[in-house]
Structures are given as structure tokens and as C-alpha cells.
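Here is what each chain is made of, one letter per residue.
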Protein chains: 2
Amino acid sequence: MNRLISIASLAALAIAAPLAAQETGKPEFPSPHAIVEQAPPEEWIAIAPSDLLVMDLAADADGDPRRVVIQLMPEPFSQGWIRNIRKLAAAHWWDGTSINRVQDNYVAQWGDASEEKALPGGLETVPESEYEIEATAGKQGDIILWHPKNQLTDSYADWTWFESGWPLAQEIGDGTRTLSRWPVHCYGAVGVGRNYSPDTGSGAELYTVIGHAPRHLDRNIAVVGRVIEGIEHLSSLPRGKGQLGFYEDASKRVSITSIRLASELPTADQPRFEYLSTEGETFAKYADARANRRDPFFNVPAGGADICNIPVPVRRVKAE
Amino acid sequence: MNRLISIASLAALAIAAPLAAQETGKPEFPSPHAIVEQAPPEEWIAIAPSDLLVMDLAADADGDPRRVVIQLMPEPFSQGWIRNIRKLAAAHWWDGTSINRVQDNYVAQWGDASEEKALPGGLETVPESEYEIEATAGKQGDIILWHPKNQLTDSYADWTWFESGWPLAQEIGDGTRTLSRWPVHCYGAVGVGRNYSPDTGSGAELYTVIGHAPRHLDRNIAVVGRVIEGIEHLSSLPRGKGQLGFYEDASKRVSITSIRLASELPTADQPRFEYLSTEGETFAKYADARANRRDPFFNVPAGGADICNIPVPVRRVKAE
């Protein structure tokens, strides 16, 4: 083994494999990763190819391909924008567009740099009310509360929790606003660029989060999905030197070769992914372990975690 | 103006300049950035050159220089490791070492890839007790509480707040642990790589956070500073393909030309920086505006923010 990735180096930060108790003198607690590895097959849920967006970028400087896979958000959230995105993909509208903005600790954004390319017909104008949905009080009983000290575990919402594989937030309501819930901006979240209110964006201009979760965007911009593979092809791009990280030099823009729904690809080429059920026993153990690291590297478990520091496990599986 | 960075595009995400009320139909609220721009000179505090670490990397593919500037943490935190870091810089120990690990949404790490380079004499072995310091109950009255709904604004600690320009966290104590406080891992934080406990690291192996705040590392690894300029030279590097993001291919490692305390550079070459006092009126307004975005792009202010989403403003100033 290369000395650089010796056991000592692997242990240098946080994700080391658990050591046996006799090696560390501590009780053995599995790492969050090891917990997920032990999940029974029935807790892994297939993601339909029709819910995957496959973005191919121009090859990198070494000639290596760059593919980014995005999972679209399921009902009931953001469906108007997602219908638009499906139409844009079916029209091959993004082919030949580019990554136009990379702002450090914030977002990478793509679309038509010329702002002159005609959109396909039939796109919806989605109202601002779709940024959140009315919640029913009865859902309270279903909420997974993983913070041992305090149920108000979030700095931005009354509650945050996971449901059907997604991080969500909720406001209980204070008399001036109704009970509502919404999807949140974590690392890798994909959202819809827009102009000033009342514009909500069509879905043609998209971005993904490449820094600390910008949760102040929640309920202000539509979250339509998340990058589940290949985000490094966006997060490692050179930062734009113009305002807000736009590239001033057009030659720095990376071309988008194509964006397709995976269901539009030949069956053999369709990538297959599964997510770990957020309603299963394994996810509950995993979330607890993320909030209370007791694997050998750690001395002090935090006693909590914010929702964006508990990424939902997603894995690639072989085509059937 | 290039169409790409037209007003419409600038508004596409979150940091647009405030528009006059008549343009938007909304009352005018300044953005957090605009608030900081209005700070009186006396609220900007100079950072001593002896507290700045200047890291020069090999030039990039275009031949452009890559300089990263790190501000070291002030007393009383992490001073044992910081004394070691000052010695390592004075010995020019890092010259010729490299960036060896870039893990997406986590850290970029540097040091001696061979793990065979002899350390300078006189480095301290810092005890684990130095990860946090005993707090005095009397400090409670000084805490800046910027969350309007709930004083327990954090998912990881009883309290978080800013003091002397730094984000800090505190545990009130529950009978089993004493009242303690510690510096937190936000984006750009610089920490000390280490082996398993009881090792605490010497300071020769350092990393910076390039993703969502890994707050589970708080109190488990020493935070010794933060990158205040040039983090894009680390965050945009290709991700390592080995375990934990280490580069398997040694040719991918970026060389460190030199790391110096700024006070060791010729006076004319010393970079000068100031941070916005976290005890002043401007910072209080800025933090409130970060937690409650009301500038024209926003429809719904969050009503809160986590401490890592309120970066302390730092600016470069001309040499005297």
C-alpha cells in the first residue's frame, strides 16, 4: 500500500474504517458508512430512469468524460418546474449550452449564455406559491426526530426531517402563516435560477449548490432535484472572475454536450441508482451515527447534526 | 455590459445589489453586503502580519500565481498547535511539500506526502484537552443572540456566537461535562490532521474545509485558523480518486512553493487584511440581514441562520 494512504493517513480524518476494540481500547462502534453497508436489500429503493437527468459535459483536459447525474424531486414538490425540465430535456434544449457561473462556496450554474435561445413551446409559468406546499398537522407523528436534546434542531425552520429519501423542512405556523413544508438547499441540491419576483424561472437556467448549504434560498427558489453522481465535475471547475462568479472569459465556459432523461437513453446505457429508504431502520441508525460519531477516530460525539450534514445514501447499481 | 451579466442575470441568485423601492414595489432593505460596505472605519480591525500564513502554490496551467492566505486563530484557542505552525513556517518546512488530498464536499489537505520528512526540533505535543477551553459562566451576558425565535440556534452546541471575529460554540454543561467553548469548523476553517487518539497532530499536516461545515469534527480536531483569501485555489482542484480523496497519481499533487508568516516577508510584500468587528453595530445588522434576507431578490426571510452561513467579513487593504 502506498505510504500516503497508509492506515495512519486514512485515519487522518473522520471516515476511517472501524478498528477492532482491542486495537483502540474503545468499544467498537461502526461508522455511518459501515452502517449503510449493512442495510438489507429491501431498504434500498430503485430510482426510476424517468426521474434521472443525465448531463454530459465536454471531455476534460485529459480527454476524460464528465457525466453528472441528477435525481429529480418527487411529488408533491416543485412539479411545475419539473414538468418544464422534462420538456426541455426531451427537446434537447440544453445541448450546446454551457456552465456559465461557478461561485466559490455557493453554486455552479448552467444554461444558455446568450440568453437568446428560444425556449420550447408549452412551458408553464409556475406561481411562487409552489415554493412550498401546505402541510397537514397529522404528519407531525411521522417525523423522524434524531436530535436527542432538542426537537427544534434547525436554524431555519421549526422542523427538519427526511421523507421518501429527501431532506424537508416545515414551519408549524404562527397565526400569520399557514403550516407549510418545503425541500431544502443542501450541498448538491439543484435549483431553478430566476429573475426578480414575481418571476420564478422556467427551469432552463439551473444551478447546483457547491458549498455550505445556502438555506436562506429555501422557499425563495425552487429546488427541483439533487446531483447524485459526478458533482466533482462542477464543484472543481475554475471559479468565474466576474460578478457572482460568472465567467468573464467565454472560453472558460464548459460546454454541455447533452442533457437527457435517462429513460430516453438506450436501455443498456441507462444508469441505475438506488437510495436508502429514509423510513427504514438502517437510515435511523445512520442518522444517529452521523449526529453522534463514536467510531474510533472521534473523542466527542456532537449530540446532533444539521439536516445537510446527513446526506441520504445513494448508490449506483448494475443495469438489470 | 456583457449580456450574460446583465441585471437579469445578476438577479438570478441572491446577491443582487438592492434596487430602489420604485423598481420593485417593495420597501428597500439593504443586502448584507451593502450593510458591510457602510461600516465606519473604526469597526474594521487590522490583522497583524504575524497572524497571517501565506501559502504560495505552483503556478496554474495558465501560468497564473496561486496564493492562499490563512489567518491564525487568536488566543485562547489552539495555541499549542499554532506555536508549532509558527515554528514550521519559520523553518520553511512546508516548502516543496504538496496538496495531497482533495475530497469533494469535505477538505483539501496538505503536508509531506512522503511522510518521511523530519520535523524541526522543539515542537510541542499538545494534549486533547486543548480542543476546547473552560468557559466562564459570566460570559453568558456577552453572547450575541441573533436568532429571533430560539436561543438554541445550533444543531451541534448549546450556543453558538461570534467573538473577536471568530465563530465559537459553547456547551452549557449538564453535570457530566464542564462548561466549555471551542472554535467551529465552517467553510474555510483550517484544522490539524491527526492519527487516532491520543495523537492530536503536530500542525505539519493541515486541511481546510471546502464543503458543508463538518461540525462533527468540532472538539475532535484542532481548528487553528481560516482561509481569508485564495481558497478557490484549493476548492477548485481536481478531486483525488483514492480513498478519502487522496491523489493516487502523484503527478496530480500541486506543489507548495512556500509557506511563510506574512511578518517574515519584506514589508512591501506583506498582505494587509482587516476583519469586521463582531462586537460592533454593523456586524449585528449584517448577521440579522443574513438570517432575515429582505433585499429585493427574496420573498421569505428565513428567520434564522446557522453560524457557518454568516461568514465574518474580511477585506484586503492597501499596504501602509
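What counts as what
Residues numbered from 1 in each chain as written. Chains lettered and ligands numbered in written order. Predicted model: local features only at pLDDT ≥ 70, side-chain atom pairs only at ≥ 80, totals over all residues. Heavy atoms only, no water. Phe/Tyr/Trp six-rings, centres within 6.5 Å; stacked < 30°, edge-to-face > 60°. Helix = DSSP H or I, 4+ residues; strand = E, 2+ residues; numbered from the N terminus. Buried < 20%, exposed > 50% of the residue type's maximum accessible area, 1.4 Å probe, protein only. Lys NZ or Arg CZ within 6 Å of the ring centre and 35° of its normal. Lys, Arg positive; Asp, Glu negative; His and termini not counted. Salt bridge = Lys/Arg side-chain N within 4 Å of Asp/Glu carboxyl O. Polar contact = N/O pair within 3.5 Å; in protein donor to acceptor, adjacent residues only side chain to side chain. Pairing = 2+ DSSP bridges. Disulfide = S-S within 2.5 Å. Axes fitted to C-alpha atoms, helices over the stretch in contact; angles between N-to-C directions.

**Regarding the packing of aromatic side chains**
Consideration 1: Tallied over the entire structure, the rule returns 12 aromatic pairs over all chains.
Consideration 2: Their ring planes at 70° and their centres at 4.9 Å tell us that F162 of chain A and F283 of chain A sit as a pair that is edge-to-face. Here F162 of chain A, found in strand β7 (residues 159-163), pairs with F283 of chain A, found in helix α6 (residues 281-291); they are 121 residues apart in sequence, far enough to count as distant. Across the pair, F283 of chain A and F162 of chain A agree in class, each one buried.
Consideration 3: Relative to F298 of chain A, the ring of F297 of chain A has its centre 5.6 Å away and its plane inclined at 80°; by these criteria the two rings are edge-to-face. When sorted by exposure, F297 of chain A lands in the same class as F298 of chain A, which is buried.
Consideration 4: Among the aromatic residues, those joined into a ring-pair cluster are F162, F283 and Y286 of chain A.
Consideration 5: Positioned above the aromatic ring of W93 of chain B is the side chain of K117 of chain B, whose terminal nitrogen or guanidinium carbon lies 5.3 Å from the ring centre.

**A look at the side chain of D112 of chain B**
Residues and elements named next belong to chain B.
Consideration 1: Note on placement: D112 falls in the loop between β5 (107-111) and β6 (133-134).
Consideration 2: K117 provides the closest opposite charge to the buried, salt-bridge-free D112, at an N-O distance of 6.4 Å.
Consideration 3: Here S114 takes part through its side chain, which lies 2.9 Å from a polar atom of the side chain of D112.
Consideration 4: Separated by 2.8 Å, the side chain of D112 and the backbone nitrogen of K117 make a polar contact.

**Describing the sheet that holds strand β7 (residues 159-163) of chain B**
Residue and element names in this part refer to chain B.
Consideration 1: The four strands lie next to each other as β6-β9-β8-β7, forming an open sheet whose pairing is antiparallel. The open sheet is flanked by β6 and β7, the only strands paired with a single partner.
Consideration 2: Relative to strand β8 (residues 166-171), β7 runs antiparallel, the two being bridged by five bridges. Looking at β8, one finds that W161 is bridged to L168.

**Concerning the state of the cysteines**
Residues and elements named next belong to chain A.
Consideration 1: This model, assessed by the stated rule, comprises two disulfides over all chains.
Consideration 2: Two residues, C186 and C308, share a disulfide whose sulfurs are 2.1 Å apart. One quick way to see it: the torsion about the S-S bond of C186 and C308 is about -75°, and its sign makes the bridge left-handed. In this pair, C186 sits in the loop between β9 (180-183) and β10 (189-192) while C308 sits in the loop between α6 and β15 (314-317), placing the two residues 122 residues apart along the sequence. C308 matches C186 in its accessibility class, with the two residues each being buried.

**Thoughts on the pattern of salt bridges**
Consideration 1: This model, assessed by the stated rule, comprises 28 salt bridges over all chains.
Consideration 2: D62 of chain A is the salt-bridge partner of K252 of chain B, the closest N and O atoms lying 2.9 Å from each other. Here K252 of chain B is found in the loop between α5 (232-235) and β13 (254-261), whereas its partner D62 of chain A is found in the loop between β2 (52-57) and β3 (66-72) on a different chain.
Consideration 3: Note on K252 of chain B: relative accessible area 35%, which makes it partly exposed.
Consideration 4: For D62 of chain A, a relative accessible area of 53% gives the class exposed.
Consideration 5: Among the ionic pairs, R239 of chain B bridges to D104 of chain B, the shortest N-O distance being 2.8 Å.

**Here we look at the pairing of strand β14 (residues 272-276) of chain A**
Two faces make up the sheet, and in a regular strand the side chains alternate between them.
Residue and element names in this part refer to chain A.
Consideration 1: In terms of burial, β14 is largely enclosed, as five of its five residues are buried.
Consideration 2: Alternating positions in β14 separate into two faces, R272, E274 and L276 on one and F273 and Y275 on the other, with burial throughout.
Consideration 3: Both β14 and β15 contribute to a ladder of four bridges, which runs antiparallel. Opposite E274, over in β15, you have R315 as the bridge partner.

**Looking at the sheet that holds strand β1 (residues 44-46) of chain A**
Two modes of strand pairing occur in sheets, parallel and antiparallel, and in both the strands are linked by backbone hydrogen bonds.
Residues and elements named next belong to chain A.
Consideration 1: Taking strand neighbours across the sheet as the criterion, the three strands line up as β1-β14-β15 in an open arrangement whose pairing is antiparallel. Single-partner strands in this sheet number two, and they are β1 and β15. Adjacent strand axes in the sheet meet at a mean angle of 35°, parallel and antiparallel pairs treated alike.
Consideration 2: With three bridges joining them, β1 and β14 adopt antiparallel strand pairing. The partner of A46 across the bridge, within β14, is E274.

**Regarding the pairing of strand β12 (residues 223-229) of chain A**
Residues and elements named next belong to chain A.
Consideration 1: The buried count for β12 comes to six of seven residues, which makes it a mostly enclosed element.
Consideration 2: Here three bridges tie β10 to β12, and the two strands are oriented antiparallel to one another. Bridging from a neighbouring strand, G191 pairs with V223 of β12.

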